[in-house]
Amino acid sequence: MTETSFSRRSFLTGAAALGSLAAVGAMAGCSPKAPADSAGTADDALASTSGKPAWLADAPAVSDADCVETIDTDVLVIGAGTAGYFAACAAAENGAKTLLIEKSGNGNSVRSSALGAVNSRLQQAEGEKAAIDPMEIVNDMDRYANGQVSVGLLKKWAFNSGEAIDWYTDLLTKNGMEVQLEWNMPEGTFYKDFPTGHGTNGEYPSREGDVAAIMDAYIASFDGCEVRFNTPMVDLIAEDGRVVGAYAEGPDGMIRVNAAKGVVVATGGYAFNQEMFADRHATRYACNGTMDAFPSCTGDGILALLRQGAYMDENPSSVSFNRCLLTADQEVGTPYEIGGEEYGYHFYASQPFLRVDAHGRRFHNESAPYDFVQSAISRKPAGERFWHQVWDGNWKNDVPRFHTVGCSTIYQQPEGGSDHDSFPGQLDEWIEPEMEQFVADGRIVKADTLDALADALGFTGDDKATFLETCERQNENFDNQIDPDFGKEPFRLSELRTPPFYASVKSCGFTLCTTDGVVVTDDLQPLREDGTVIEGVYAVGNDGGCFYNGTYPNLAAGLNAGKCVTFGRMVGKMLAEK
């Protein structure tokens, strides 16, 4: 395995990098994305007088007469993200004339930080320490979803993801890049971690643009296959109840694309459709400090499918992280108003240090999956849906012992198999300077005593007393190596005795992507509410549903991107073989 470049070393804060990241346009699921204007407000998301939600607009008025070009192809893929790229590559290499269209100026690429898979060659090479029982992880995911998902889809991911990652590994190897497996998992965790994460090496953020270029060239290497950017889909075209193509707005005007074998919808979900997100994710909206999604993900594919008679998952779900830092005067619950340099992107926040609410009380097990803290804080009154994370000067010894994995990895474990984004010296070279910068920016407070820390956080009276009692309880639990309050693992307990002491001013979450989509069959075909299939079209990536319910089981690192990889490749191959 080659030496991994340190990737994030030049990335001291999310805010500082947003401009360059937006220019690249190919950002990872673990990394900040530039905010963008989004039509409407939360108040506009109410149902219209017609009985349908305001965000579900009527079909645009477009016809063949508006078109300057008609294209005949076998497979049309809409959206150059992870799922779309894998679908287009699979269709093209299996002999189908393929067109991939993307609304942005370049592809959103393939997530570099982790692609979740089971039984890849890289896992097999590591033997027992990287082995995963497919049915164990399927049942774990089903448990997270309260059984309200398609086990058939979960199994298709678990039993086909290894082949998809092997194909990707071979393609990148031929082009001078490498896929690396994070197999070193912590032991003794209540919330089990699985060694699923396959990361792409290289310098961040350029590595994702590099992968997009490889995919673009690969698709174009097959006769009759091409990628068109700056070409947003306008609407799907259906004849006799079957989707046969789509209208799209190209640089020179409207085009009609006829897809003889099928259309693949992979537009990335709807996290930047403010009306739609506020309506379907009201609780998450109220607990978010910002949005970290691709600005191009405005629900185009889902909306087009709904107009064809599809319907959505009953319960919303998303990939949401606990890493947004706000200042004291910024409000949680206005996620589309805070972006760029207005917030702090804090990878460190996913470490399981003590978290307390606005009154100084501990309120959940900090070792839980990323979005559990938002779910717990959502029960607080409006204005109190944030938390303070608290740690002391011994944190550089705590972090290695915590042994978090996946996107929260900020320490390279001595034994191999660490996350490919970690690097030796990371705590000194990146995390500590970033921490001090957040102190200077007013997003973290720092004090020589816990009493002074409480004052810096604005605690007074009973709240201050409660906070200091909570800190003392933290020390008691550490000494006893047991957490009778929330059951956190002993090796993830920490003490508060070594100055200086730190606390976040306002910690909250952000959403990377929505993961509820249209209800699909186990072959990824959208369904109408009467149970009939909408023929000629497939929904993959964050446009397809039935895979999650309410939460994202992030302890299978790269699960969502891995689902996009696997289902994109499966559908592309299936359509080519028609």
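What counts and what doesn't
- Residues numbered from 1 in each chain as written.
- Predicted model: local features only at pLDDT ≥ 70, side-chain atom pairs only at ≥ 80, totals over all residues.
- Heavy atoms only, no water.
- Helix = DSSP H or I, 4+ residues; strand = E, 2+ residues; numbered from the N terminus.
- Rg over C-alpha atoms; globule rule 2.2 N^0.38 Å.
- Buried < 20%, exposed > 50% of the residue type's maximum accessible area, 1.4 Å probe, protein only.
- Contact = heavy atoms within 4.5 Å.
- Areas by Shrake-Rupley, 256 points an atom, 1.4 Å probe, with all protein chains shown as cover.
- Lys, Arg positive; Asp, Glu negative; His and termini not counted.
- Charge placed at Lys NZ, Arg CZ, Asp CG, Glu CD.
- Pairing = 2+ DSSP bridges.
- Core = buried A, V, L, I, M, F, W, Y, C linked by side-chain atoms within 4.5 Å.
- Domains from an automatic or database assignment.
- Polar contact = N/O pair within 3.5 Å; in protein donor to acceptor, adjacent residues only side chain to side chain.
- Axes fitted to C-alpha atoms, helices over the stretch in contact; angles between N-to-C directions.
- Parallel < 35°, antiparallel > 145°, perpendicular 65-115°, else oblique.
- Nonpolar A, V, L, I, M, F, W, Y, C, P; charged D, E, K, R; others polar.
- Buried area = accessible area lost by both parts, 1.4 Å probe.
- Salt bridge = Lys/Arg side-chain N within 4 Å of Asp/Glu carboxyl O.

Moving on to the overall build of the protein. Looking only at helices and strands, one finds 15 helices and 18 strands in the protein. A globule of 578 residues ought to have a C-alpha radius of gyration of about 25 Å, and the protein, at 23 Å, matches this closely. For the C-alpha atoms alone, the extent of the protein along its principal axes is close to 70 × 60 × 40 Å. In the protein, buried positions account for 63% of the 578 residues. Contacts in the protein between residues at least 24 apart in sequence constitute 76% of all its contacts with a sequence separation of at least 6. Accessible surface computed for the protein: about 20,100 Å², of which carbon and sulfur atoms make up 48%. Mean positive and mean negative side-chain charge positions of the protein (44 and 83 charges, respectively) differ by 3 Å.

Okay, the sheet that holds strand E11 (residues 318–326) next. Pairing between sheet strands relies on hydrogen bonds along the backbone, with the strands arranged either parallel or antiparallel. Reading across from one edge, E10-E17-E11-E12 is the order of the four strands in this open sheet, with mixed pairing throughout. Only two strands of the sheet have a single neighbouring strand rather than two, namely strand E10 (288–291) and strand E12 (344–345). In this structure, E10 lies alongside strand E17 (residues 506–514), joined through three bridges in parallel fashion. Following the sheet pairing, Asn288 is matched in E17 by Gly509.

Take the sheet that holds strand E3 (residues 115–116) next. Pairing within the open sheet is antiparallel, and its three strands lie in the order E3-E5-E4. Across the chains shown, the open sheet's two edge strands, defined by having one partner strand only, are E3 and strand E4 (179–181). Bridging between E4 and strand E5 (residues 197–200) involves three bridges; their strand directions are antiparallel. Looking across to E5, one finds that Val179 is bridged to Thr200.

The biggest cluster of nonpolar side chains holds 128 residues, and the ones touching the most others in it are Tyr168, Met215, Leu236 and Trp395. A total of ten residues in this core trace back to one element, the largest contributor, which is helix H5 (residues 151–174). Per-domain counts for this core show at least three residues from each of domain 1 (69–273 + 294–316 + 516–577) and domain 2 (318–510). The residues contacting Leu236, other than those within four sequence positions of it, are Ile78, Val243, Gly245, Ala246, Val263, Val265, Ala304, Leu305, Gln308 and Val537. Residues Val445, Leu450, Leu457 and Ala503 belong to the second largest nonpolar core, which totals 16 residues.

Note that Glu495 resides in the loop between helix H14 (461–480) and strand E16 (501–504). Note on Glu495: relative accessible area 19%, which makes it buried. Polar side-chain contacts of Glu495 include one of 2.7 Å to the side chain of Arg497. Apart from the residues within four sequence positions on either side, Glu495 is in contact with Asp392, Asn475 and Phe478.

Let us now look at the packing of H5 against helix H15 (residues 559–576). The contact between H5 and H15 brings their axes to 8 Å, and the two run at 85°. As summarised for this structure, H5 and H15 are arranged roughly perpendicular, according to the angle between their axes. Along the contact surface, H5 presents Leu153, Lys156, Trp157, Asn160, Ser161, Glu163, Ala164, Ile165 and Trp167, while H15 presents Leu559, Gly562, Lys563, Val565, Thr566, Phe567, Arg569, Met570 and Lys573. Here the contact of H5 with H15 is composed, by residue class, of nine nonpolar, four polar and five charged.

Turning to the side chain of Asn288, a few remarks are in order. Tracing the backbone shows Asn288 in strand E10. When its relative accessible area of 0% is taken as the criterion, Asn288 is described as buried. A distance of 2.9 Å separates polar atoms of two side chains, one belonging to Asn288 and the other to Gln374.

Once that is clear, we can look at unusual backbone geometry. Pro499 connects to Pro500 through a cis peptide bond whose omega is 0°. The residue Pro500 is located in the loop between H14 and E16 in this model. One non-glycine residue with positive phi stands out, namely Asn119, at about 65°. Residue position: Asn119 is located in the loop between E3 and helix H3 (121–125). One non-glycine residue, Asn230, lies in the positive phi region at around 50°.

For the protein, the assigned domains are domain 1 (69–273 + 294–316 + 516–577) and domain 2 (318–510). Each of domain 1 and domain 2 has a C-alpha centre, and the two are 33 Å apart. In total, domain 1 and domain 2 occlude about 2,200 Å² of area from one another, counting both sides; carbon and sulfur atoms represent 55% of this. Considering only the side of domain 1, the residues that lose the most area to domain 2 are Glu182, Asn184 and Tyr191, jointly responsible for 26% of the buried surface there. For the pair domain 1 and domain 2, the interface holds one salt bridge. Across the pair Asp421 and Arg207 runs a salt bridge, and its minimum N-O distance is 2.7 Å. Across the domain 1-domain 2 interface, the total number found is eight residue pairs in polar contact (both at pLDDT 80 or more). Counting only elements with at least two residues in the side of domain 1 that touches domain 2, the list comes to E4 and E5.

Once that is clear, we can look at the pattern of salt bridges. Applying the stated criterion across every chain yields a total of 34 salt bridges. In this structure, Asp516 engages Arg280 in a salt bridge whose closest nitrogen and oxygen atoms are separated by 2.9 Å. Placement of the pair is Asp516 in the loop between E17 and strand E18 (537–539) and Arg280 in helix H7 (residues 274–280), with a sequence separation of 236 residues. Judged by relative accessible area, Arg280 falls into the buried class, the value being 18%. The partner of Asp451 in a salt bridge is Lys464, and the shortest N-O contact between them spans 3.2 Å. Remark: Lys464 occurs in helix H14 and Asp451 occurs in helix H13 (residues 450–456); sequence separation between them is 13 residues. Here Lys464 falls in the buried class, since its relative accessible area comes to 18%. Salt bridges here are not isolated pairs; linked through shared partners, they connect Arg362, Glu366, Asp483 and Lys488.

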